[in-house]
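Chain by chain, the residues run as shown.
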Amino acid sequence: MLAKTLFFKYLHRSHTIIGLIVLYFFYMSTYFGTLTFFMPYLKVWESPSRHFVPSSEYAFNIDATLNEVVEKYHLANAKSIEITLPSFRDPLLRLSTESQNSLFIQPLTNEVLKVGREENLISIFFNELHTGSVIPLIGMPLMGAMSIGILFLTLGGFWLYWQKRKPTKGVKGNWKYTWLSWHKITGLGIIPYALVFACTGAFLGLMLSFSHPFAWSASNKKESNLRSLVVPIIFAQPKYTSSETKASMLPFSMLYKVAKTEYPRLEIVGATLYHYGKEGAKVRFKGFDKDNVAQTGRTNRLSITLDAVNGTVVEQKVLENTHRISRMLSAFYYFHFVPDETLGMRVVLACFGAVLAFCLVSGYLLWAEKNLHQKGWLGDLTNRVSIAVLIGIIPSSAIVPLLQWILAFDLFDKEIWVRGTFYAFWSFWLFYCVFERSIVTIISRMLQASAWFLLLAVLFHGLKSGFFIWKSFTLGAWTLFYMDTVFLVSALILFLLAKKVERTDLFYRYERKGVYDGY
Amino acid sequence: MFLTKLSHLFYASKTVIGWVHGSLSVLGAFALAYLCGTSLSALLKGDMAERIFPSMFLFPLLVCCFGFWLLFSKNLLHVTLKIALLALCNACIITFA
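Keep in mind that what you see is a predicted model, and the values were worked out from it rather than measured.

Moving on, we get to the overall build of chain B. Secondary structure summary: chain B contains 4 helices and 0 strands in total. Reading the helices (α) and strands (β) of chain B from amino to carboxyl end gives α-α-α-α. A total of 97 residues make up chain B; the buried ones form 40% of that total. Of all intrachain contacts in chain B linking residues separated by at least 6 positions in sequence, the fraction that spans at least 24 positions is 74%. As presented, chain B carries roughly 5000 Å² of accessible surface, and 80% of it is formed by carbon and sulfur atoms.

In structure tokens:
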């Protein structure tokens, strides 16, 4: 058994080293993860075809259009047609089949839109940066492993706090004491958030792609592919038979009303049409239970199936009939993605995300304080690289929405231009951090650049889409108005921070040593 | 001489955790978590989803628990013994379950 002092030493040292390794990856994941909480709203802001004022409660009526669209685009031959109804996640109505690209319908005019290359460029890119899938093959498992690192740090951090509960003696104005206090306060405050997101992140990042041993063992050493073993059980799709005889179907709006009446607890988000226009056609309305959102999320949708010819109920999938693993999986997905939650919950979670990012930064600064008074190149170089990663990510990501609106929407390789600029710009900040002597100047310019990019993004969004912030306000296009407001407020905060950095003693302390003074 | 150095490396208690101890703990924690998850999947009853998913859900927590357990070892010999014994135990469960 280890002596108590050694026990504390081991715990403290492992917390520091694992923290330094995990910090950069998980900071990236937290930063972009926090932004992707607002993905539904960002999707609307970045896409010109979604720039309209949706009707209240995203109402739609495709009775007249559905037959025409199905016939024109030969959708009736498909096994099933998926309909995603308009919602805060996407105000357009989407029709998709296995064999064709999705069709988007404007719900107010029933016009089929050409969304082309405008489709979710920023939101998908930010999400890929969050999950690590921008790094081929190893990106997602790496982020999953980093999530386990955060879990270790959270549990270990709490253990450290428990071991040494007496208040740390510190001199007022001592920055090491200040960072330790903030690291402790923020770390303890976000324990539930960190536990939930680290556990679910590790599951999604690492386990979904590296669970072969478990599958191999469960199948008595016959099969190691998880998907082929569990998909038929938890994602089993209904099979409906039909004849080739044509039959007239009830209008979609009428079937929708019947589904709502028969299953009032179901909040319908989409529908699947089986054997459209033929005898035996069925419509399966899917959604979540209003009283149990977590267990009826994206991976465990409840449903009601109606006969499309006479409107009778064929099948009803209620929560009690679903597989318990599906319910658990749904809860896991819910806690990570909050798919059916609107703005309020997303703002709360984003605040927690910001606190987690600050906790990581304060942990780094605590370590940096120790190195500030030690000789050698390590302290200065890690400070500069850390500034490039931790703060340099802000201007590099702020340039993305600006480019989305500056570059033409029909530019063939727009995605490559946007992503390439992001990486090139981030590399630039890394070189600039080593090139520029003054740390205060580096931080200040990074923050100012971010503020300018956000300001210009709002300006170009207005110029190209015609939806200036005041027009969005007068028309009631609230998503566009809120997004523009968030960008403008962020720009203002960044300007103020840039000014404050120049006036704060803290950052000048890091300039005492450096490459120019010799190590 | 070499044997003396090796025995010192394995038996000596350290006041500061070393890189070998740390790396072995991390790698050992992942390996043991995988092995325990595999044993758990072999022991559980039910359909495939009920046998596989609990191991997947528990994996991150298992890594942390094994990580702490291996970390708080007096010397490298203890770390190695813990990994070897638990690996052997799991291998038996996987083979005979």
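Residues and elements named next belong to chain A. Where strand β7 (residues 302-307) meets strand β8 (residues 313-317), 4 bridges bridge the pair, whose relative direction is antiparallel. Along β8, the bridge assignment pairs Thr 305 with Glu 315. The turn linking β7 back onto β8 is made up of 5 residues, and Gly 311 within it adopts a positive phi angle of 80°.

The next thing to look at is the domain arrangement of chain A. By the assigned domains, chain A splits into domain 1 (1-47 + 120-226 + 342-370), domain 2 (48-119), domain 3 (237-337) and domain 4 (374-513). Inter-centroid distance (C-alpha atoms) of domain 3 of chain A to domain 4 of chain A is 44 Å.

Now for the packing of aromatic side chains. All names here are of chain A. All chains considered together, the criterion is met by 56 aromatic pairs over all chains. Measuring from ring centre to ring centre gives 5.0 Å for Tyr 31 and Phe 32, while their planes differ by 90°; the resulting arrangement is edge-to-face. Look at Phe 32 and you get buried, because its relative accessible area is 0%. Seen in terms of ring centroids, Phe 203 and Phe 332 are 5.1 Å apart; in terms of plane orientation they differ by 70°. Their pairing is edge-to-face. Of this pair, Phe 203 sits in helix α7 (residues 191-207) while Phe 332 sits in helix α11 (residues 324-337); the two residues are 129 residues apart in sequence, bridging distant segments of the chain. Assigned by exposure class, Phe 203 and Phe 332 land together as buried. Here the aromatic cluster, defined as three or more aromatic residues joined through ring pairs, consists of Tyr 31, Phe 32, Phe 125, Phe 126, Phe 422, Tyr 423 and Trp 426. Positioned above the aromatic ring of Trp 216, the side-chain terminus of Lys 221 is 5.9 Å from the ring centre.

Every contact between the two is made by 36 residues of chain B and, on the other side, 44 residues of chain A. Taken together, both faces of the contact between chain B and chain A bury some 3700 Å²; the carbon and sulfur share is 80%. In terms of surface lost to chain A, no three residues of chain B exceed Met 56, Phe 57 and Phe 72 of chain B, which account for 19% of the buried area on that side. Across the chain B-chain A interface, the total number found is 1 salt bridge. Linking Arg 324 of chain A and Glu 50 of chain B is a salt bridge whose minimum nitrogen-to-oxygen distance equals 3.1 Å. Looking at the side of chain B that touches chain A, the elements that each hand over two or more residues are α2 (19-43), α3 (48-71) and α4 (76-96) of chain B. Looking at which element gives the most residues to the side of chain B that touches chain A, the answer is α3 of chain B, with 18 residues.

Our next topic: the state of the cysteines. A disulfide bridge is the covalent bond that connects two cysteines by way of their sulfur atoms. Residue and element names in this part refer to chain B. The full count for this structure, using the stated rule, is 0 disulfides over all chains. The thiol sulfur of Cys 64 is not disulfide-bonded, and the nearest other cysteine sulfur, from Cys 65, lies at 6.8 Å. Overall, Cys 64 belongs to the buried group, its relative accessible area being 1%. Cysteine Cys 89 is unpaired, with the sulfur of Cys 92 as its nearest cysteine sulfur at 6.7 Å. Its relative accessible area of 43% is what places Cys 89 among the partly exposed residues.

This next bit is on the nonpolar core. Counting 128 residues, the largest nonpolar core has Phe 203 and Ile 393 of chain A together with Ile 52 and Phe 53 of chain B as the members making the most contacts within it. Excluding residues that lie within four positions of it along the chain, Phe 203 of chain A makes contacts with Leu 208, Leu 329 and Phe 332 of chain A together with Phe 53, Met 56 and Phe 57 of chain B. In this structure, Leu 66, Ile 81, Leu 93 and Leu 95 of chain A belong to the second largest nonpolar core, which totals 31 residues.

The rules behind the values
- Residues numbered from 1 in each chain as written.
- Chains lettered and ligands numbered in written order.
- Predicted model: local features only at pLDDT ≥ 70, side-chain atom pairs only at ≥ 80, totals over all residues.
- Heavy atoms only, no water.
- Helix = DSSP H or I, 4+ residues; strand = E, 2+ residues; numbered from the N terminus.
- Buried < 20%, exposed > 50% of the residue type's maximum accessible area, 1.4 Å probe, protein only.
- Contact = heavy atoms within 4.5 Å.
- Areas by Shrake-Rupley, 256 points an atom, 1.4 Å probe, with all protein chains shown as cover.
- Pairing = 2+ DSSP bridges.
- Domains from an automatic or database assignment.
- Phe/Tyr/Trp six-rings, centres within 6.5 Å; stacked < 30°, edge-to-face > 60°.
- Lys NZ or Arg CZ within 6 Å of the ring centre and 35° of its normal.
- Buried area = accessible area lost by both parts, 1.4 Å probe.
- Salt bridge = Lys/Arg side-chain N within 4 Å of Asp/Glu carboxyl O.
- Disulfide = S-S within 2.5 Å.
- Core = buried A, V, L, I, M, F, W, Y, C linked by side-chain atoms within 4.5 Å.

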